[in-house]
Amino acid sequence: MKRKILFLGESYRADAITWIKGLKEFGDFEIITWELQTSNNYRFKRILEYLFSPLSIRKIIKKEKPDMVIAERTTSYGFLAALSGSKTIAIAQQGRTDLWPEESKLYPFKKFIQKYAFKKAHLIHAWGPVMTIHMKEVGVDMNKVLVLPKGIDLSLFTPSTNTSDKIEAIVTRSLMPEYRHDSILRSFGILHQKGIDFTLTIVGDGTRLQFLQDLAKELDIEKKVIFTGRILNTELPKLLQQSNIYISMPITEGVSASLFEAMACKCYPIVSAIPGNQSWITHRENGQLIEIDNIKMLAEELIWSFENSEYRNQTIIRNRKFVEENANYVINMKVISEKYHELIDSKK
């Protein structure tokens, strides 16, 4: 009889799609999904729905009888998994701590529910080593922790070396304030003033779209900046293959699948100097690390990376090999699927 998993989380996200697809493909699991229906734009209504959701989840469990409940984010769906009453629970810490934003009034409450989720979970996913720092600090039983990224599909994200004689950069993060697209645009404004040719492709959608389009006009670079809007994840490899530099400037990061995707397609990475990125990137060894919001430094490092083409070409070859060895979806999702089967067996 096929084993069944209830997934709690936003099933439309690329990250969740990878997780679910891998479990079906390599674990032969049947997956049922549940997520909050109220948009983040309606904060009060969403909180109200969240408060009543344990009842909805328990009804699904009673009807569907899943062998296991899994959930993303320890401070939201992970807590709901902990309340579900399931005999087998796996939760994933998505960010460096999941306690975000730090200035939020809900911060103490998030700490409390995260602690409860960690305690009730039978398996805790750390998609990378940076996440274990917080787990150790808050006293998580590290025997329950699996440190392994889900990985990316290397049959989709295939290498293609761009030999263009100009900077063809790409950004693939949501257009939200924490990803600092405005700093990226201002750096390219500096490049434009210096007479350096480039194209900049900004993939995705978000609350800052109009602001960023207006900023590109203000900087007189709107003809060189392409806003693609939201695209299918299957369309992303082609855009990465057409680019030679990948840029990501978040102010906080857990483990970035976007970074792995870029490295797999032989895009040279220039990213913010935060712990989540420093786990994978060493400055001027396999990419470049930039201080948050330092637009002058980003502009200078973009120029340096492009002028040092021999170094860049050697780096992208090494980076592809690194992804093959450490972030291969086929290998990693097999390990995760086997771990789930073992957990279910141990709880019977």
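Residues numbered from 1 in each chain as written. Predicted model: local features only at pLDDT ≥ 70, side-chain atom pairs only at ≥ 80, totals over all residues. Heavy atoms only, no water.

1. Quick notes on the nonpolar core
Note the cut-off: Throughout this description, the term nonpolar core refers to a set of buried Ala, Val, Leu, Ile, Met, Phe, Trp, Tyr and Cys residues connected via side-chain atoms within 4.5 Å. Using a 1.4 Å probe on the protein chains alone, a residue whose accessible area is under 20% of its type maximum counts as buried, one over 50% counts as exposed, and one in between counts as partly exposed. Contact between two residues is taken to exist if any of their heavy atoms lie within 4.5 Å; hydrogens are not considered.
Grouped together as the largest cluster of nonpolar side chains are 72 residues, with contacts concentrated most on Leu8, Trp19, Leu23, Ile70, Ile91 and Tyr340. Those residues in contact with Leu8 that sit more than four places away from it in its chain are Trp34, Ile57, Val69, Ile70, Ala71, Glu72, Tyr77, Leu80 and Ala81. Judged by nonpolar contacts, the second largest core, of 30 residues, contains Ile167, Leu185, Ile221 and Tyr311.

2. Comments concerning the pattern of salt bridges
Put simply, the rule is: Definition used for salt bridges: Asp or Glu carboxyl oxygen within 4 Å of a side-chain nitrogen of Lys or Arg. Segments assigned H or I by DSSP are reported as helices when at least four residues long, segments assigned E as strands when at least two residues long, and all are numbered from the N terminus.
Here the structure, examined in full by the defined rule, presents 19 salt bridges. With a shortest N-O distance of 3.6 Å, Asp28 and Lys2 are connected by a salt bridge. Of this pair, Asp28 sits in the loop between α1 (14-27) and β2 (30-34) while Lys2 sits in the segment before β1 (4-8); the two residues are 26 residues apart in sequence, bridging distant segments of the chain. Residue classification places Asp28 among the partly exposed residues on the basis of a relative accessible area of 48%. Salt-bridge contacts for Lys321 lead to Glu325; the nearest nitrogen and oxygen are separated by 2.6 Å.

3. Details of the packing of aromatic side chains
What counts is decided by this rule: Side-chain rings of Phe, Tyr and Trp, where Trp is taken by its six-membered ring, are said to pair if the distance between their centres is within 6.5 Å; with planes under 30 degrees apart they count as stacked, over 60 as edge-to-face, and otherwise as tilted. By definition, being over a ring means that NZ of Lys or CZ of Arg is both within 6 Å of the ring centre and within 35 degrees of the ring normal.
All chains considered together, the criterion is met by 11 aromatic pairs. Summarising the aromatic geometry, the rings of Trp280 and Phe322 are spaced 6.1 Å apart at their centres and angled 65 degrees between planes, so their arrangement reads as edge-to-face. Taken together, the residues span a long stretch of sequence, with Trp280 in the loop between α10 (275-278) and β12 (288-290) and Phe322 in helix α12 (residues 309-326) at a distance of 42 residues. Classification of Trp280 by relative accessible area gives buried; the value is 12%. When its relative accessible area of 25% is taken as the criterion, Phe322 is described as partly exposed. What links up through ring pairs into an aromatic cluster is the set Phe7, Trp19 and Trp127. Over the ring of Trp127 we find Lys150, and its NZ or CZ is 3.6 Å from the ring centre. Taking NZ or CZ as reference, Lys224 lies 5.0 Å from the ring centre of Phe198, over its face.

4. Points about the pairing of strand β3 (residues 68-72)
Going by this rule: Crossover handedness is defined by viewing with both strands directed away from the observer: a clockwise path from the first strand over the helix to the second marks the crossover as right-handed.
In terms of residue burial, β3 counts as a mostly covered element, since 5 of its 5 residues are buried. A two-sided burial pattern is seen for β3, the buried positions comprising Met68, Ile70 and Glu72 on one face and Val69 and Ala71 on the other. Between the parallel elements β3 and strand β4 (residues 89-93), the chain passes through helix α3 (residues 73-83) in a crossover that is right-handed.

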